[in-house]
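Listed below, chain by chain, are the residues.
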Amino acid sequence: ANPAVSLFQVPGQLRVSAGKVDIESQGGIAMQSGQALTLESVQLNIQSDKGLCVVNEMEYLGKKVTSTVGFFHFIGNVYESIVERLSQMSRSSFRVTEGVEQVRAGMIDFEAEKTARVHSKYTVVTAEDLIKVDGKQIHMG
């Protein structure tokens, strides 16, 4: 009924078998499925100037992810990370926690090139066996 629209309709399943298939459009390309959309390939390449991905639930299973981005912004309700080893390197780091921050470790080693500062209204330092304060000058009070 519409001369601007062409419809290709087949009953049952449609299978296209060829050495290579190219689909081109001057406008857009839309794929829709009432059930599932499956892409299987040895290699998947996606390239675009701008992208949007909206998925209600997602799982990624793989061996490796390498990402290079200029800016990364993450907003969420819960962030959990379970790793065997965590390494972070930064030129500067700033962290604000409104509530309680707790660290439980077998050993903690803080080292500062210039100044290390602990400041609060109340500071408590306790040890089971030994507290050592070492320096050229020690000011108390």
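All figures in this text were calculated on a predicted structure; none of them were measured in a lab.

**Q** I'd like to hear about the packing of aromatic side chains, residue by residue, with values.
**A** Scanning the entire structure with this criterion turns up one aromatic pair. With a centroid separation of 5.8 Å and 65 degrees between ring planes, the pair formed by Phe-74 and Tyr-79 is classed as edge-to-face. We note that Phe-74, like Tyr-79, is exposed.

**Q** How would you summarise the layout of surface pockets if you had to cite specific residues and measurements?
**A** Volume-wise, the largest pocket comes out at about 740 Å³. Lining the largest pocket, in full, are Tyr-79, Ser-81, Leu-86, Gln-88, Met-89, Ser-90, Arg-91, Ser-92, Ser-93, Phe-94 and Arg-95. As a volume, the second largest pocket reaches approximately 580 Å³. Residue lining of the second largest pocket: Arg-95, Glu-101, Val-103, Ile-108, Asp-109, Phe-110, Glu-111, Ala-112, Ala-116, Arg-117, Val-118 and His-119, and that is the complete set. Residue composition of the lining of the second largest pocket, by class: six nonpolar, one polar and five charged.

**Q** Report on the pattern of salt bridges, specifying residues and quantitative values.
**A** Counted under the stated rule, the structure contains two salt bridges. The residue Lys-20 makes a salt bridge to Asp-22 at a minimum N-O spacing of 3.9 Å. For the pair formed by Lys-20 and Asp-22, the shared burial category is exposed.

**Q** Now, about a nonpolar patch on the surface: what can you tell me, with residues and values included?
**A** On the surface, a cluster of nonpolar side chains totalling about 1,400 Å² of accessible area is made up of Phe-8, Val-10, Leu-14, Val-16, Val-21, Ile-23, Ile-29, Met-31, Leu-37, Leu-39, Leu-44 and Ile-46. Overall, the relative accessible area of 62% leaves Val-16 in the exposed class.

What counts, and where the lines are drawn
- Residues numbered from 1 in each chain as written.
- Predicted model: local features only at pLDDT ≥ 70, side-chain atom pairs only at ≥ 80, totals over all residues.
- Heavy atoms only, no water.
- Phe/Tyr/Trp six-rings, centres within 6.5 Å; stacked < 30°, edge-to-face > 60°.
- Buried < 20%, exposed > 50% of the residue type's maximum accessible area, 1.4 Å probe, protein only.
- 1 Å grid on protein atoms, 1.4 Å probe; cavity = no way out; pocket = protein on both sides within 12 Å on 5 of 7 lines; lining within 4 Å.
- Points joined across faces, edges and corners; volume = space filled by probe spheres on them.
- Nonpolar A, V, L, I, M, F, W, Y, C, P; charged D, E, K, R; others polar.
- Salt bridge = Lys/Arg side-chain N within 4 Å of Asp/Glu carboxyl O.
- Patch = residues over 30% accessible without salt bridge, like charges linked within 9 Å, V, L, I, M, F, W, Y side chains within 5 Å.
- Areas by Shrake-Rupley, 256 points an atom, 1.4 Å probe, with all protein chains shown as cover.

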